[in-house]
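So you can see what is in the structure, the chains are spelled out below.
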Amino acid sequence: MLPGLVYFLVFHYGAFLGNAVAFKEYDPFAGLWGSPWVGGGNFSRMFGDPDFWHATWNTLYIAVLQLVFYFPVPLAIALLLHSLTSDLLRRFVQSVVYLPHFLSWVIVVALFQQVLSDTGLLNSFLGDSGLHTVDIIGNPDAYRPLVVAEVIWKDAGWGTIIFLAALMQVDEQQYEAAAIDGAGPWRRFWHVTLPSIRPIVVLLLIMRLGDILSVGFEQMLLQRQSVGPEVGEVLDTFVFWQGIVAGDTGYAAAAGLFKGLVGALLVFVANRVAHRLGEQGVYK
Amino acid sequence: MNRSAQAPSRPAWQEKPKPVTQAAKGLAVLALLALVLVPFLVIVSTSLASNKEVVANGGWVLWPTEPTLRAYENILSGGIVTKALGVSIGITALGTLLSLACTAFLAYALSRPGVFGGRPVLLLVLFTFLFPPGMIPAFLLVKGLGLQNMYAALVAPVLINVFNLVVLRGFFQGIPEELYEAARLDGAGDWATFWRIALPLSKAALAVVGLFYAVSYWNSWFTASIYLESDHWPLSQVLRTYVIGGAQIADTGLSEAGMVSAPQTTQMAVLVIAVVPILLVYPFLQKYFTKGVLTGAIKS
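Predicted, not measured: the structure shown is a model, and the values here were computed from it.

Caption draft 1: Layout of helix H14 (residues 235–245) of chain A. For H14 of chain A, a buried count of 9 out of 11 residues is recorded, marking the element as mostly surrounded by other parts of the structure. Those residues of H14 of chain A that sit buried are Leu235, Asp236, Thr237, Phe238, Val239, Phe240, Gln242, Gly243 and Ile244 of chain A. Where the residues of H14 of chain A are buried, they touch helix H4 (50–70), helix H12 (217–227), helix H13 (229–232) and helix H15 (249–276) of chain A together with helix H6 (135–144) and helix H12 (222–227) of chain B. Phi for glycine 247 of chain A, located one or two positions after H14 of chain A, is positive at around 75 degrees.

Pasting the structure below:
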């Protein structure tokens, strides 16, 4: 128990104290505790910084896109897989769609570049067929759909696990009773399947809402440079760029702390809403 | 598809699906499989193709006509990729072992009722899940501890993952209390109970958690990019620089003079080397996924 406890104390609570730097004018030579306090200076500067608001806007934009286009996909795949009667086929498809989850973002981004860049698979195919080629990688207009497509490719399969488990737990007898009462496949789907998995859908939706300010840091960081900060900057990359690349430590820590606070607040609110709706929520 | 060929496990009340539905489902499944598998095929094929063929094809190959291992020989004959591969293997092996051990110890302690400080420690741990310290403070801490350009910087800050901890704790709690009782009556202390009862009974969970750790160490590049000098880089970070960043591998002394292969085949070969270990462990652990993940999801 001791090594684990020490780990949490040092690397979480110890690091947590380091958030104090958000209230300081950080000077690398004076160190964290030697740097002068500036109170809320970093925060007032942040709230007046158009780049910060721009990153926030991008974050929310991508988060909403993900919510609308990514969230339903695992559910749809799970319903499709669940409706397959052959166990063997279903297991095979499952193992294939889980796989991309275990690849790093570096690999996924590299794969997408190979397929979609101006010399990639898609464009050489279009070019060979005498059609117009499309620039997808490096095109700011295509960036947001692209990152959402990447998330779907990587994690939609993995996301089916929890839905599949919920579908497994639906009582067979309900289907049987419905069938005897003359309900066709669609009515059974609508009146038995969907209501049965509603709680888990609501739970995951709420968790996603609580997490809305985090939209794939590694994924964004890997591609930020190919499209520029105009569309590629989200809150996490903003913190990274300001703090670690530009060395504006106190300022970046303030932005990070702000994001953490809002995130925790959202989890808290979402959980309250879950309780209101009579769902179990994320914690008791 | 060939569902009619196998005996379908369709219950008596369910009518036989219409051919249209069958066909639509078959197509959907095929599309899913193709979406995941085709990119892999292209990567592997391109890495095996000859330079001439890659150039003639405009950068990629779907099926190499004369497969060659030149690209692999080039990058594995010493140089950046070979070194990075060694670093990645080392970090993954050591990191996984350490993480798994620390997670198991803590999870076990937290799963037993009446351990001194159990409840507060649990809350302390769960709180970090809700409120992580943040990137900048973590960065300052690692720098402050003097871990820069040390491999420990890649392991220490991510030693225990709370989700994995909760999964293991759930498993330990699921072991019937009678077994623990029996062990105690036989005179086993805490350690013996842990080694002889809890661990052997949780192999499935340990396998899954171990896999999760191994994958995350194998894939990690961000920490390497900020804490390590380029001669210490693991494979993922090399991949990032040369494949995504598009830096010329030939410039870095990676390829021997006169043995320069088309950058495309080399890049694809690096990509394949980064993916293969995951593909190798994947089939063995696959059957535990659902069990492991769901225990975690339900218990938390």
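Caption draft 2: Just the packing of aromatic side chains, in detail. The tally for this structure, following the rule as stated, stands at 18 aromatic pairs over all chains. Measuring from centroid to centroid gives 5.8 Å for tyrosine 108 of chain B and phenylalanine 172 of chain B, while their planes differ by 90 degrees, and the two rings are edge-to-face. Taken together, the positions of tyrosine 108 of chain B in helix H4 (residues 80–111) and phenylalanine 172 of chain B in helix H8 (residues 162–174) put the pair 64 residues apart, joining distant regions of the chain. Among the aromatic residues, those joined into a cluster by ring pairs are Phe47, Phe52, Trp53, Phe238 and Phe258 of chain A. The aromatic ring of tyrosine 61 of chain A is capped on one face by arginine 144 of chain A, whose charged end is 4.0 Å from the ring centroid. For lysine 154 of chain A, the ring lying beneath its charged end belongs to tryptophan 105 of chain A, and the centroid distance is 5.1 Å.

Caption draft 3: Focus on the interface of chain A and chain B. Contact with chain A, which involves 75 residues of that partner, is made by 81 residues of chain B. Run the count over chain A and chain B and you get 4 residue pairs in polar contact (both at pLDDT 80 or more). A total of 12 residues in the side of chain A that touches chain B trace back to one element, the largest contributor, which is helix H1 (residues 2–17) of chain A. By residue class, the composition of the side of chain A that touches chain B is 53 nonpolar, 17 polar and 5 charged.

Caption draft 4: Up close: the confidence of the model for chain B. All names here are of chain B. Considering every residue of chain B, the mean pLDDT works out to 76; 83% of them sit at 70 or more. Looking at the elements of chain B, mean pLDDT is at its lowest for helix H15 (residues 289–299), recorded as 58, and at its highest for H4, recorded as 86. Confidence over residues 1–8 falls short of pLDDT 50; this stretch has 12 contacts with residues more than four positions distant or in other chains. Low pLDDT, under 50, characterises residues 249–262; the stretch is placed with 25 contacts to residues that sit more than four places away or in other chains. The complex model carries a pTM of 0.79, and its ipTM stands at 0.76.

Caption draft 5: Fine view of the pattern of salt bridges. All names here are of chain A. Under the counting rule described, the total for this entry stands at 1 salt bridge over all chains. Lysine 259 is the partner of aspartate 236 in a salt bridge, and the nearest nitrogen-oxygen pair spans 3.1 Å. Here lysine 259 lies in helix H15 and aspartate 236 lies in helix H14, a separation of 23 residues in the sequence. Across the pair, exposure class does not vary: aspartate 236 and lysine 259 are buried alike.

Reading guide: rules and limits
- Residues numbered from 1 in each chain as written.
- Chains lettered and ligands numbered in written order.
- Predicted model: local features only at pLDDT ≥ 70, side-chain atom pairs only at ≥ 80, totals over all residues.
- Heavy atoms only, no water.
- Buried < 20%, exposed > 50% of the residue type's maximum accessible area, 1.4 Å probe, protein only.
- Helix = DSSP H or I, 4+ residues; strand = E, 2+ residues; numbered from the N terminus.
- Contact = heavy atoms within 4.5 Å.
- Phe/Tyr/Trp six-rings, centres within 6.5 Å; stacked < 30°, edge-to-face > 60°.
- Lys NZ or Arg CZ within 6 Å of the ring centre and 35° of its normal.
- Polar contact = N/O pair within 3.5 Å; in protein donor to acceptor, adjacent residues only side chain to side chain.
- Nonpolar A, V, L, I, M, F, W, Y, C, P; charged D, E, K, R; others polar.
- pLDDT = per-residue confidence, 0-100.
- Salt bridge = Lys/Arg side-chain N within 4 Å of Asp/Glu carboxyl O.

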